[in-house]
Amino acid sequence: MPDLAIDCRTGVYLSDADEAWVLTPTSSGYRWRMLNGATGALGLDGGPSTLGWTEEQDGYVAELGDCGDTEIRFGPADAMERFQRVPLQITDTTFEHDGLTFSGHLVWPAEVERAPLVVHVHGSERWSAVRSDSMQYMLAAQGIASFVFDKRGTGQSEGRYTQDFHVLAGDARAALNEARRLAGDAAEIVGILGGSQGGWIGPLAASEADVDFVVALYGMAEGPLAEDRAEVIQSVARAGWGEAEQAKAGELADAAGVIMASGFREGFDEFDRLRRAYRNEPWYDDVEGEFTGDFLPHPSIGLRVVGPFRDVGTSWDYDPIPVLRGLDVRQLWMIAADDSEAPSAETARRLRSLQAEGRPIDLAVYPRADHGMIAIERGANGVVRETGYVQDYYRQVAGWIRDGDLTVARASGAEVTTAVLDRTD
């Protein structure tokens, strides 16, 4: 359930210089964000801020006031600025689909009659997007409307949590219909935005819907089994092992994938054979991955018994390429070059191949960025500091939605390749 004592402060604030500042709840307080990608964490009562996702104080302080106050103060302790809350138009709603009631809301930017409208699709998170999603407010601060809903089995929506992409795509299309109903003629263009797992679900939903654009953030143009395999190989590579060891780790991932895709009914003999062959090799304990690393310590009988109880219906056999190849609407893919959860090299290669075929895909690959478009710094000892989002992340998303412009991404150091379209007409 929403915590009114916390949620009453959620929203967009503007400084006297019209600089946007967004506040959303976390499990232990708040996170603030700015359009340039700066972000930090605050306690329930504000106070000192910490840099990005580190525990280092960043020199900023927030005075949040009482619940319902329209003004906060934020900045360096000796030069704090006033930020006034922006009166967004938020319309709560419920809609029916597949025998379930879903909860969502339409967030309309202040003092804007007509605007682009974005329907947000979840990643794999199990919490309420309506309550916690920050992108809806970052876009509202830039004159773009959002429809956000709680995926089935989360927040205030009914149903059982699932990662069945086809089911979730159907839910997203139902949300799209509700968003159009609420916005009416005020929506200039309508599109779908999804991050992480939403990079699979968003395009799939769009493939059977009438939309103007799709935005995929830190998603993959490979299937879920390929994600695990890439994570496994990456974990071994980052531990300093060479191609031979990486190839062996890939064999383990392939065998674990057979087990997972079969619903824990098949593939155990081969997985056990490989475990016996490799368990004494020095790279073995460095294997991670989406699930392969978790499988390694457990006997097959344990996996057979426990595994099905952890099944959430993930579409392990999903191949996104036919869907992406068949989409005629413009797409933006923003991916992180150093993504530890969705390794991106093969995704970038596949998207560029689709671009060469003439598909309407724009691509921005950000160096020194991890999952979530989080800017990272790697120290000499290998320790990673997550200091914020990539430069002007939110400005680039909004700019592309409006007019397809990627100037901000280029200026931020991203490697940008754009759609190669036939303009002979």
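Please refer to the structure higher up on the page.
Calculation criteria
- Residues numbered from 1 in each chain as written.
- Predicted model: local features only at pLDDT ≥ 70, side-chain atom pairs only at ≥ 80, totals over all residues.
- Heavy atoms only, no water.
- Phe/Tyr/Trp six-rings, centres within 6.5 Å; stacked < 30°, edge-to-face > 60°.
- Helix = DSSP H or I, 4+ residues; strand = E, 2+ residues; numbered from the N terminus.
- Buried < 20%, exposed > 50% of the residue type's maximum accessible area, 1.4 Å probe, protein only.
- Axes fitted to C-alpha atoms, helices over the stretch in contact; angles between N-to-C directions.
- Parallel < 35°, antiparallel > 145°, perpendicular 65-115°, else oblique.
- Left-handed = near helix turned anticlockwise from the far one by under 90°.
- Contact = heavy atoms within 4.5 Å.
- Salt bridge = Lys/Arg side-chain N within 4 Å of Asp/Glu carboxyl O.
- Pairing = 2+ DSSP bridges.

Caption draft 1: Layout of the packing of aromatic side chains. Enumeration over the complete set of coordinates arrives at 24 aromatic pairs. Taking the centre distance of 6.1 Å and the plane angle of 55° together, the rings of phenylalanine 95 and phenylalanine 147 count as tilted. With phenylalanine 95 in strand β9 (residues 89–97) and phenylalanine 147 in strand β12 (residues 145–149), the pair connects residues that are 52 residues apart, well separated along the chain. Comparing phenylalanine 95 with phenylalanine 147 shows no difference in burial state: the two are buried. Judged by centre distance (5.4 Å) and plane angle (40°), the rings of phenylalanine 291 and phenylalanine 295 are tilted. Here phenylalanine 291 and phenylalanine 295 have matching classes, each one buried. Here the aromatic cluster, defined as three or more aromatic residues joined through ring pairs, consists of Tyr13, Trp21, Trp32, Tyr60, Phe74 and Phe83.

Caption draft 2: Spotlight on the packing of helix α6 (residues 224–238) against helix α7 (residues 243–261). Two elements in contact, α6 and α7, have axes separated by 9 Å at closest approach and are oriented at 150°. In terms of orientation, α6 and α7 fall into the roughly antiparallel class. Our pair here, α6 against α7, has a crossing hand that is right-handed. Contacts between α6 and α7 pair Leu225, Asp228, Arg229, Val232, Ile233, Val236 and Ala237 from the former with Glu245, Gln246, Ala249, Gly250, Ala253, Asp254, Gly257 and Ala261 from the latter.

Caption draft 3: Expanded view of the pattern of salt bridges. What the rule picks out here adds up to 20 salt bridges. Measuring nitrogen to oxygen at the nearest pair gives 2.7 Å for the salt bridge that ties aspartate 328 to arginine 359. Of the two residues, aspartate 328 is situated in the loop between α11 (321–326) and β15 (330–336) and arginine 359 in the loop between α12 (345–356) and β16 (361–366); the sequence distance between them amounts to 31 residues. When salt bridges that share partners are traced, they join Asp16, Glu71 and Arg82 into one network.

Caption draft 4: Structural detail: the sheet that holds strand β8 (residues 81–85). Spatially, the eight strands close up into a barrel ordered β1-β2-β3-β4-β5-β6-β7-β8, and their pairing is antiparallel. Between one strand axis and the next, the sheet turns by 30° as a mean value, whatever way the strands run.

Caption draft 5: Layout of the sheet that holds strand β14 (residues 213–217). Read across the sheet, nine strands follow the order β9-β10-β12-β11-β13-β14-β15-β16-β20 without closing on themselves; strand pairing throughout is mixed. At either margin of the open sheet sits one strand with a lone partner, and together these are β9 and β20 (415–417). Mean inter-strand twist for the sheet, computed between neighbouring axes without regard to direction, equals 20°. In terms of strand pairing, β9 meets strand β10 (residues 100–108) through nine bridges, oriented antiparallel. Following the sheet pairing, isoleucine 90 is matched in β10 by valine 107. Against the sheet, helix α4 (residues 165–183) makes contact with β9, β10, β11 (115–121), β12 and β13 (187–195), and its axis sits at roughly 135° relative to β9, the strand it touches most. Taken strand by strand, helix α5 (residues 198–206) contacts β11, β13, β14 and β15, and its axis lies near 140° from that of β13.

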